[in-house]
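What follows is each chain in one-letter form.
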Amino acid sequence: MMKEMMGAFPMDTTAMQDMFKSQAAMAEKMSKVALEAAEKSTEVSTKWTKATLAKVGEMSTVKDDPADYTKAMTDFTSASAEMAAEHVAAFAEIAKKVQMDTVELMMAAGKDMQEEASAAVKKATDTATKAAKTATAK
């Protein structure tokens, strides 16, 4: 009797397979967002480092007048502050893009999951209805 009952309710694993595929696709998209952000952040850091080293090179050259050393240090300090503001703004733009891309992916994933859940519930209801009709017909 138990075997007949279990046979009347066949298990369909396609919903589970579809869910796994959706999760894998979502993970792939999120990885792309993270890798793109890491690449852009590295570019900004490299650019900032190169600019700072160039300014240090200018500051460390030999000067004829002692007052020129003070001027070089002042110029370096002001250039460093200016570069910091520019590069922090660049990092903020990268973070903003990551946030927007992540929200967009989450909204799309939520919509896809809702559609998949609705389809799975409909399919399960149809299967259960057919199984119940078959069981009551016997």
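Here the residue numbers are simple positions, counted from 1 along each chain's written sequence. Where local features are concerned, this predicted model is filtered to residues with pLDDT of at least 70; where side-chain atom pairs are given and counted, the filter is 80 or more; whole-chain, interface and lining totals use all residues. Water and hydrogen atoms were dropped before computing side-chain values, which therefore reflect all heavy atoms in the structure.

### Some words on the pattern of salt bridges
A pairing counts as a salt bridge when a side-chain nitrogen of Lys or Arg comes within 4 Å of a carboxyl oxygen of Asp or Glu. Counted under the stated rule, the structure contains six salt bridges. We note a salt bridge from Lys40 to Glu36, for which the minimum N-O separation is 3.2 Å. Of this pair, Lys40 and Glu36 both sit in helix 2 (residues 14–59), separated by four residues, roughly a single helical turn. The cut-offs for exposure are 20% and 50% of the maximum accessible area for each residue type, with area from a 1.4 Å probe on protein chains only; residues under the lower value are buried, those over the upper are exposed, and the others partly exposed. Here Glu36 falls in the partly exposed class, since its relative accessible area comes to 32%. A salt bridge links Asp75 to Lys71; the nearest nitrogen and oxygen atoms lie 2.9 Å apart. Of the two residues, Asp75 and Lys71 are both situated in helix 3 (residues 66–137); the distance of four residues between them amounts to about one turn of the helix. Only DSSP runs of H or I covering at least 4 residues are called helices, and only runs of E covering at least 2 are called strands; the numbering of each starts at the N terminus.

### A few points about the confidence of the model for the chain
Every residue carries a pLDDT, the predictor's confidence in it, which falls somewhere between 0 and 100. Counting all residues, the mean pLDDT for the chain is 86, and 88% of those residues have values of 70 or more. Per-element confidence in the chain is highest for helix 2, whose mean pLDDT is 90, and lowest for helix 1 (residues 2–8), whose mean pLDDT is 67.

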